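# Chain and residue survey
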Amino acid sequence: MSDNGPLLSVRVQRKQQEALDICSLELVPVNDQQLPAFTAGSHLDLHLPGGVVRQYSLCNTPDQATHYQVAVLRDAQSRGGSKAVHDLLHEGDVLNISHPKNHFALAPSASRHLLLAGGIGVTPMMAMAETLAAQGAVFEMHYCTRSAERTAFAPRLAAAPYSAHVHLHHDDGDASQKIDIEALLRNQASHADTHLYVCGPQGFMDAVLNTARAQAWPEARLHYEFFSTAPTARDTDGPFEIEIASSGQVITVPADSTALQALLKAGVDVLMSCEQGVCGTCLTRVKSGEPDHRDQYLTPDEHAANDQFTPCCSRSKSERLVLDL
Ligand code: FES
């Protein structure tokens, strides 16, 4: 079981190249199953050849419940996911997927939306743009890539009825088309109800979010989704203890193990998915102790509250953490 229902069996109906090093998969049910509906910003867990499970955002229009579409960048640093999609998955193959989950939803109360995509971070933004356009919402999308040849979905965006709202920026293009994040966010600051959505590589996310925070955008108007992060383990990591509040069981987390691995080894069931601190699936309440937060999922304010942590990557600053399990 995934954390939101049984796995679904789907077939790769179409696999196509969307840009240099980016392919998309169109997934359809293997039988007469109906695919669960999804909302813009949702992702799926794909159970890939080789036994790896990876999360990919849905990039088709949410009302197209006949299929799911994901797009995947070939990553030279791949831990197995992008390699499996690019090299091992073929049209006609059957695989298991989770139900769609959404940790990156559009804010229903916002009257303006600013979508900022970096590279493959465009995938959830495609579904967002299509949803906002269908709603007649006020929105602007900025899509930054290294070059035109690495720009997935360019023809689809150019042909979309909302193409006037989409601005492409290429790193190798001339200066006039480069994105000025500082100015872009400052211009929006006069609209007190603009919500900002950002998805892309770590450097891009940091640049956008740091600029927004420096301009005092409220956290409630910042929405972001990381795909993956740099490794979170450090040479200086030491052991610590976890106490299970309901049973009093005390588990030692060795220096070379994550809290999640130690919990699972001790027979304590914790839901997990990305194991990189980006999806929030393993989020666990902390009753006492001070976590050493290493995730990208919680906001700075949520980190400061210290009442929850992600055991897949975060550790402890105190000798013991008491978990509400
Ligand atoms: Fe994704 Fe921990 S499993 S944040």
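Refer to the preceding data block for the structure.
Residues numbered from 1 in each chain as written. Predicted model: local features only at pLDDT ≥ 70, side-chain atom pairs only at ≥ 80, totals over all residues. Heavy atoms only, no water.

### Some remarks on the overall build of the protein
The line we're drawing: Only DSSP runs of H or I with at least four residues qualify as helices, and only runs of E with at least two residues qualify as strands; both kinds are numbered from the N terminus onward. Put simply, the radius of gyration uses C-alpha atoms, and a globule should come to 2.2 Å times the residue count raised to 0.38. Buried residues are those whose accessible area, probed at 1.4 Å on protein chains only, stays under 20% of the maximum for their type, while exposed residues exceed 50% and partly exposed ones sit between those limits. Note on contacts: a residue pair qualifies if any of its non-hydrogen atoms lie within 4.5 Å across the two residues. Using a 1.4 Å probe, accessible areas were evaluated by the Shrake-Rupley method; residue-level cover was limited to the displayed protein chains.
Broken down by element type, the protein carries 7 helices and 19 strands. Here the C-alpha radius of gyration of the protein, 20 Å, is about what a compact globule of 325 residues would show, namely 20 Å. Projecting the C-alpha coordinates of the protein onto the three principal axes gives extents of approximately 60 × 50 × 35 Å. When burial is assessed residue by residue, the protein has 51% of its 325 residues classed as buried. By sequence separation, contacts in the protein at least 24 residues apart represent 67% of the contacts at least 6 residues apart. If you sum the accessible surface of the protein, you get close to 14700 Å²; carbon and sulfur atoms cover 49% of it.

### Side note on the pattern of salt bridges
For clarity, the threshold we go by: One speaks of a salt bridge when a side-chain nitrogen belonging to Lys or Arg is within 4 Å of a carboxyl oxygen belonging to Asp or Glu.
Applying the stated criterion to the full structure yields 12 salt bridges. Here Asp-21 and Arg-150 are joined by a salt bridge, their closest N and O atoms 3.4 Å apart. Separated by 129 residues along the polypeptide, Asp-21 in the loop between strand E1 (8–19) and strand E2 (22–29) and Arg-150 in the loop between strand E9 (138–145) and helix H3 (154–159) bring together distant segments of the chain. What makes Asp-21 partly exposed here is its relative accessible area of 24%. Across the pair Arg-320 and Glu-241 runs a salt bridge, and its minimum N-O distance is 2.9 Å. Here Glu-241 lies in strand E13 (residues 240–244) and Arg-320 lies in strand E19 (residues 320–323), a separation of 79 residues in the sequence. A network of salt bridges, in which partner residues are shared, links Asp-237, Asp-292, Arg-294 and Arg-315.

### Side note on the environment of His-86
The topology assignment puts His-86 in helix H1 (residues 81–88). Sequence separation between His-86 and Ile-22 is 64 residues; the distance between their C-alpha atoms is 8.4 Å. What His-86 contacts, discounting residues up to four positions off in sequence, is Lys-15, Asp-21, Ile-22, Cys-23, Val-72, Leu-73 and Arg-74.

### Some remarks on the side chain of His-170
Our working rule: Counted as a polar contact is a pair of N or O atoms within 3.5 Å, where, for protein atoms, one must be capable of donating a hydrogen and the other of accepting one, and residues adjacent in sequence contribute only when both atoms are in side chains.
Looking at the secondary structure, you find His-170 in strand E10 (residues 166–170). A relative accessible area of 16% means that His-170 is categorised as buried. Only 2.9 Å separates the side chain of His-170 from the side chain of Thr-145, close enough to count as a polar contact.

### Things to note about the state of the cysteines
Condition: Throughout, a disulfide means two cysteine sulfur atoms within 2.5 Å of one another.
A complete count under the given rule lists 0 disulfides for this structure. With no disulfide of its own, Cys-23 has Cys-59 as its nearest cysteine by sulfur position, at a separation of 11 Å. Under the relative-accessibility criterion, Cys-23 is labelled buried at 1%.

### A short note on helix H2 (residues 122–135)
To keep it simple, the criterion reads: Any helix carries an expected span of 1.5 Å times its number of residues minus one.
Here H2 spans 20 Å end to end across 14 residues, near enough to the 20 Å set by a 1.5 Å rise per residue. Those residues of H2 that are buried lie in contact with strand E4 (53–57), strand E5 (68–73), strand E8 (112–118), E9, H3 and strand E11 (194–199). Positive backbone phi, approximately 70 degrees, marks Gly-136, located one or two places after H2.

### Some details on the nonpolar core
Note the following rule: By convention a nonpolar core is built from buried Ala, Val, Leu, Ile, Met, Phe, Trp, Tyr and Cys residues, the set being connected through side-chain atoms within 4.5 Å.
Of all hydrophobic cores here, the largest spans 30 residues; its most connected members are Leu-115, Met-125, Met-128, Met-141 and Tyr-197. In terms of residues, this core owes the most to one element, H2, which gives 7 residues. The residues contacting Tyr-197, other than those within four sequence positions of it, are Phe-104, Ala-105, Leu-106, Ala-107, His-113, Leu-114, Leu-115, Leu-116, Met-125, Met-128 and His-223. Counting residues in each nonpolar core, the second largest holds 22 residues, with Leu-48, Val-52, Ala-84 and Leu-95 among its members.

### What about the sheet that holds strand E14 (residues 250–253)?
For clarity, the threshold we go by: Strand pairing is assigned whenever DSSP detects at least two bridges linking the two strands.
The sheet built from 5 strands is open, its strands ordered E14-E13-E19-E15-E17 with mixed pairing. Strand pairing shows two members of the sheet lacking a second neighbour, E14 and strand E17 (308–309), which therefore form its edges.

### With respect to the pairing of E4
Burial of E4 is extensive: 4 of the 5 residues sit out of reach of the surface. Sheet topology note: the strand E3 (residues 42–47)/E4 ladder contains 5 bridges and is antiparallel. Paired with Asp-45 across the strands is Gln-55, a residue of E4. In textbook terms, the turn of a hairpin is the stretch between consecutive antiparallel strands, and for E3 and E4 this stretch comprises 5 residues, one of which, Gly-50, has a positive phi near 95 degrees.

Any functional reading would require information beyond the geometric quantities listed.
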